[in-house]
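A closer look at the structure
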Amino acid sequence: MTPFSYYQMYELHHAAMTPLRAAADAMKLVLQNPLNPFAKTPVGKNWSAGLELFERATRRYGKPQFGLPTTLVSGTRVAVTERIVWSRPFCNLIHFERALERPRNDPKLLIVAPMSGHYATLLRGTVEAMLPRHEVYITDWIDARAVPLNEGGFDLDDYIDYLISILHALGPDTHVVAVCQPAVPVLAAVSVMETKGDPYAPRSMTLMGGPIDTRINPTAVNKLAEGKTIDWFRDNVVMKVPFPHQGFMRDVYPGFLQLSGFMSMNMDRHVTAHKEFFGHLVAGDGDNQTKHRDFYDEYLAVMDLSAEFYLQTVDTVFIKHSLPKGEMMHRETRVDPGAIRNVALLTVEGENDDISGVGQTEAAQRLCANIPDDMRAHYVQPKVGHYGVFNGSRFRAEIAPRISDFILTHNRRPLPAEAKPAPRRSAEAAADTLAAIVLAKPKGAADDLKAITGVGPKLETTLNAVGIFHFWQLAALTAAQIEELDGRLAFKGRIARDRWVEQAAALAGEHTS
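Please read all numbers here as calculations on a predicted model, not as lab measurements.

A few words now on the pattern of salt bridges. All told, the structure shown has 28 salt bridges when counted by the stated rule. Of the charged contacts in the structure, one is a salt bridge between R56 and D297, with a shortest N-O distance of 2.8 Å. With a gap of 241 residues between them, R56 in helix α2 (residues 42-57) and D297 in helix α10 (residues 286-299) connect regions that are remote in the sequence. The class of R56 is buried, set by a relative accessible area of 7%. Shared partners join several salt bridges into a network, and the residues in it are D25, K28, E52 and R293.

Printed below as a string of structure tokens:
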């Protein structure tokens, strides 16, 4: 069966279920009618709950609405209107225009939503938290199956071009927040703009839970990508959009495949949530019913990605690790984060993130070596997973205020004296970084790093991913390199506590003799 057939089978299955879904919905309404004598009986309640579960499980969820009609600005409730202020075939830029009584000099904030299967409305909570103190714009990516084939392709280079064009449209003194997947293209776009001396480069960029360097604390998602070739992805997950969608015959990575991957990572949690939802329906627990519906109406709404963008992203970010290796190209320009000097950088991670592991986003701090120390910050939010980095109570209470304060702190252009380019780090300083000792591959046979007390199979794999294969590399670590390695591998203090350097030196001597 060809990939085209899989998508066709999905569409045929959805079409075949439509009459049954309509019948289930109608029967549920009959059972819930207060004039029906069975409505309040245990049998009627269980049937009604089961019919709603069936209808929701077989429904195709459309794009949700942001649904943010108002916001609170300085204690006053004001109306909010969504306006499209920039548009291209694969993206609209939405401005959440606040009906203010008098103009405010609030910072312009561009929120770059992930293009990874869900719609931009997944960041509804992010937008809502930032509206009171900022002029908020968000990238509203368009479902690839809705883009006609004659509009051409869309790849990672086009994504970066879109971001640069949006920043030009918004003008100077814009701040950027990238959530998850766009951390890489946002960092690339800013690098290219700074390399070219572009006056429209943003004042600050905030990278949240993004896969800057997936060799650090690799998650199940990262390991899946690393274990496959790009040809495997092209042959197995790229499919043609079937008729009658507007994007008929466009090559895409279907949203239903991405959703299957998301759900399989926490299948027990989703099964439990639906069992509990059934119980809430039977018990008439309206509040918990509403919470479940709101969450899954958003979570189950997915979009297709253009095949070119998906494949180039997988290859560049997850297989080749081009950005942290200094090998990423944007068309004919090398992406050099070291060229960034005038853009403040904030990186944010979640302690329990199972999609972008701790340390992956912080890697941007190392890559952007020439941003002054007073223009950079890093924050790890305790007790949150991936979605908690940009949504939920802890985001609203602890992360959003930090982002807002960082933006307000760096909202002004530096004085001329401050604007002088930061000097490149000296050769002596560069030699004291981890990059001076890591290897692309082992020199000959790799040493068994598990011989070091405190290093198990998982840590050995992680060290190899960083580029450490031999005892002599660990034995030669300087204090600065140990500190950097501690930060990258997220096991603070273990190197010193377990005396890795001394152990490695002894093992290196034995190995040599």
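And the narrative resumes.
Further remarks concern α10. For α10, which comprises 14 residues, the first-to-last C-alpha distance of 20 Å matches the rise-based estimate of 20 Å (1.5 Å per residue) to within 8%. Among the residues of α10, those classed as buried are Q289, H292, Y296, E298 and Y299. In this fold, the buried residues of α10 make contact with α2, α3 (124-130), α8 (255-265) and α9 (267-283).

Below, the discussion takes up the sheet that holds strand β8 (residues 239-240). Overall, antiparallel pairing links the 3 strands, which are arranged β8-β9-β10 in an open sheet. Strands with a single pairing partner mark the edges of an open sheet, and in this sheet they are β8 and β10 (305-306). Relative to β10, strand β9 (residues 251-253) runs antiparallel, the two being bridged by 2 bridges. Bridge pairing in β10 places Y253 opposite L305.

A few words on the sheet that holds strand β6 (residues 174-179). The strand order across the open sheet formed by 9 strands is β1-β2-β3-β5-β4-β6-β7-β13-β14, and the pairing between neighbours is mixed. The sheet is open, and its two edges are formed by β1 (70-73) and β14 (376-381), each paired on a single side. On average, adjacent strands in this sheet sit at an angle of 25 degrees to one another, irrespective of strand direction. Taken together, the 8 bridges between strand β2 (residues 76-88) and strand β3 (residues 91-98) define a ladder with antiparallel strand orientation. Among the inter-strand pairings, E82 is bridged to a residue of β3, identified as F96. Each of β4 (108-112), β6, β7 (204-208), β13 (344-350) and β14 is contacted by helix α14 (residues 393-409), which is oriented at about 180 degrees to β14, the strand it contacts most.

Another aspect to go through is the environment of D373. Tracing the chain through its elements places D373 in the loop between α13 (363-367) and β14. Of the residues examined, D373 reaches a relative accessible area of 63% and is grouped as exposed. D373 sits 80 residues away from R293 along the chain, and the two C-alpha atoms are 45 Å apart.

Rules used in this analysis
- Residues numbered from 1 in each chain as written.
- Predicted model: local features only at pLDDT ≥ 70, side-chain atom pairs only at ≥ 80, totals over all residues.
- Heavy atoms only, no water.
- Salt bridge = Lys/Arg side-chain N within 4 Å of Asp/Glu carboxyl O.
- Helix = DSSP H or I, 4+ residues; strand = E, 2+ residues; numbered from the N terminus.
- Buried < 20%, exposed > 50% of the residue type's maximum accessible area, 1.4 Å probe, protein only.
- Expected span 1.5 Å × (residues − 1).
- Contact = heavy atoms within 4.5 Å.
- Pairing = 2+ DSSP bridges.
- Axes fitted to C-alpha atoms, helices over the stretch in contact; angles between N-to-C directions.

In short, geometric facts, not functional conclusions.
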